Amino acid sequence: MHSFGHRANAVATFGVTILAAMCFAASFSDNFNTPTPTASVKILNINWFQKEANGNDEVSMTLNISADLSSLFTWNTKQVFVFVAAEYETPHNALNQVSLWDGIIPAKEHAKFLIHTTNKYRFIDQGSNLKGKEFNLTMHWHIMPKTGKMFADKIVMTGYRLPEQYR
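Not measured: the values here are computed from a predicted model. (Residues numbered from 1 in each chain as written. Predicted model: local features only at pLDDT ≥ 70, side-chain atom pairs only at ≥ 80, totals over all residues. Heavy atoms only, no water.)

Participant: I'd like to hear about the side chain of Asn119, residue by residue, with values.
Facilitator: The residue Asn119 is located in the loop between strand S5 (112-118) and strand S6 (123-125) in this model. Within the local environment of Asn119, its side chain forms a polar contact with the backbone nitrogen of Met61, the two atoms lying 2.7 Å apart. Within the local environment of Asn119, its side chain forms a polar contact with the backbone oxygen of Tyr121, the two atoms lying 2.9 Å apart. In this view, Asn119 contacts Val59, Ser60, Met61 and Leu100; residues no more than four positions away in its chain are not counted. (Helix = DSSP H or I, 4+ residues; strand = E, 2+ residues; numbered from the N terminus. Polar contact = N/O pair within 3.5 Å; in protein donor to acceptor, adjacent residues only side chain to side chain. Contact = heavy atoms within 4.5 Å.)

Participant: Run through the pattern of salt bridges, naming residues and quoting values.
Facilitator: The tally for this structure, following the rule as stated, stands at 4 salt bridges. Among the ionic pairs, Glu58 bridges to Arg122, the shortest N-O distance being 3.2 Å. In this pair, Glu58 sits in strand S2 (residues 57-68) while Arg122 sits in the loop between S5 and S6, placing the two residues 64 residues apart along the sequence. With relative accessibility at 8%, the residue Glu58 sits in the buried group. When its relative accessible area of 52% is taken as the criterion, Arg122 is described as exposed. (Salt bridge = Lys/Arg side-chain N within 4 Å of Asp/Glu carboxyl O. Buried < 20%, exposed > 50% of the residue type's maximum accessible area, 1.4 Å probe, protein only.)

Participant: Outline the domain arrangement of the protein, listing residues and values.
Facilitator: Annotation of the protein at the domain level lists domain 1 (1-32) and domain 2 (34-161). Counting residues at the interface gives 7 residues for domain 1 and 9 residues for domain 2. Together, the buried faces of domain 1 and domain 2 total about 560 Å²; carbon and sulfur atoms form 52% of this surface. Inspection of the region where domain 1 meets domain 2 yields 0 salt bridges. Applying the counting criterion to the domain 1 and domain 2 interface returns 0 residue pairs in polar contact (both at pLDDT 80 or more). Residue classes in the side of domain 1 that touches domain 2 are distributed as 3 nonpolar, 3 polar and 1 charged. (Domains from an automatic or database assignment. Buried area = accessible area lost by both parts, 1.4 Å probe. Nonpolar A, V, L, I, M, F, W, Y, C, P; charged D, E, K, R; others polar.)

Here you go:
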């Protein structure tokens, strides 16, 4: 006969093996989800567009951010981190990204939202490259699962332009 320690070890090993298999199945099942999120960002107003004392351009905007990210949620989704970034090119960098707003969506019930806000973070360019600059607003999201790997994706919204003169 086996001792109590051997039996407990066998039961614990079996339990951990079953738990690992369930975690793998949960993570694998996320590959079959094909989300169809929608997002829209409207610039309602350029509050100010100025040159700082150190020579950098700074912009403050009022935004309407609306999105329906409920399709990103499955039974394996813990939360979704979402942020809106301004993306543009300069002579020194092929891609500049400035985060304007972010949020954490803890549940599917909060995944459909409309927010009226000013940019949460300062939109500053190192230099004076923003006059008349075309830029994209991009909504990025990172899906944090209960188990398995994180997924990230984005929606790019084009056609925005900053003013030619400081205000």
